[in-house]
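Here is how the chains run, residue by residue.
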Amino acid sequence: LAKTTQPISMDSYEGQEVNITCSHNNIATNDYITWYQQFPSQGPRFIIQGYKTKVTNEVASLFIPADRKSSTLSLPRVSLSDTAVYYCLVGDLRDDKIIFGKGTRLHILP
Amino acid sequence: DSGVTQTPKHLITATGQRVTLRCSPRSGDLSVYWYQQSLDQGLQFLIQYYNGEERAKGNILERFSAQQFPDLHSELNLSSLELGDSALYFCASSRTVQDYYGYTFGSGTRLTVV
């Protein structure tokens, strides 16, 4: 499993676009990049997954450069309810388990 | 509602006791995963079952055990409980081992050992 590095915490304001970058220098050819969101006392929730270039869904966008050594989760026009911990995970989908790191604690201010 | 059901939601018990946590996976999911999350720790992977068989083990203590039944629900048994076992225990499920849409987590069981 590739090691990931992401900021421990971030603050932003309501209505702003928030970008959380994750570094994964040792990403392997078969690895996918997956982001989860966790609210306090709740289980993590799958947000988005990608392999290369850009992926967009109704919640977020995921930008992956050509070398795939990093990725950026973009949350458009955040609200107070987006305050949560965001986990970046990198791994082969054939892996038997996924390992969560410390995540990024995002705090949205009014 | 994620479709993954965990019971009970809260559990308070004394040191030395044994408890059983239950998880019903989302309909159609064959894999079940157990995670532990303490206040000062991230999500720690404990164990995975796929279609009734143990598939992968993480940092699961010998005092802990799990199983997946023919109807695919899973139970996590914690025995000789210690204060440090107080944590949120999450169950997650996925269709197969190779699931391109990620895991679906339940809302967890909060275990308090006093």
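Residues numbered from 1 in each chain as written. Chains lettered and ligands numbered in written order. Predicted model: local features only at pLDDT ≥ 70, side-chain atom pairs only at ≥ 80, totals over all residues. Heavy atoms only, no water.

Draft legend 1. Looking closely at the packing of aromatic side chains. Residue and element names in this part refer to chain A. Evaluation of the coordinates by the stated rule reveals 12 aromatic pairs over all chains. Considering the side-chain rings of Tyr36 and Phe46, the 5.9 Å spacing of their centres and the 80 degrees angle between planes classify their relative orientation as edge-to-face. Note that Tyr36 is positioned in strand S3 (residues 31-38) and Phe46 in strand S4 (residues 45-50), a separation of 10 residues in sequence. Phe46 sits in the partly exposed class, given a relative accessible area of 23%. (Phe/Tyr/Trp six-rings, centres within 6.5 Å; stacked < 30°, edge-to-face > 60°. Helix = DSSP H or I, 4+ residues; strand = E, 2+ residues; numbered from the N terminus. Buried < 20%, exposed > 50% of the residue type's maximum accessible area, 1.4 Å probe, protein only.)

Draft legend 2. Summary view of the sheet that holds strand S7 (residues 64-68) of chain B. Residues and elements named next belong to chain B. Reading across from one edge, S1-S3-S8-S7 is the order of the 4 strands in this open sheet, with antiparallel pairing throughout. Sheet topology places strand S1 (5-7) and S7 at the edges, where each strand pairs with a single neighbour. Strand-to-strand, the axes of this sheet are offset by a mean angle of 15 degrees, without reference to chain direction. The pairing of S1 with strand S3 (residues 19-24) spans 3 bridges and is antiparallel. (Pairing = 2+ DSSP bridges. Axes fitted to C-alpha atoms, helices over the stretch in contact; angles between N-to-C directions.)

Draft legend 3. Local environment of the pairing of strand S6 (residues 61-64) of chain A. Residues and elements named next belong to chain A. By the bridge criterion, 4 bridges tie strand S5 (residues 53-56) to S6 in an arrangement that is antiparallel. When the bridges of S6 are listed, Thr56 appears paired with Ser61. Counted between consecutive antiparallel strands, the loop separating S5 from S6 contains 4 residues. Bridge count between S6 and strand S7 (residues 70-75): 3 bridges; the pairing is antiparallel. Looking at the pairing, Ser61 lines up with Ser74 of S7. As consecutive antiparallel partners, S6 and S7 are separated by 5 residues, and within that stretch Arg68 has a phi angle of approximately 60 degrees, a positive value.

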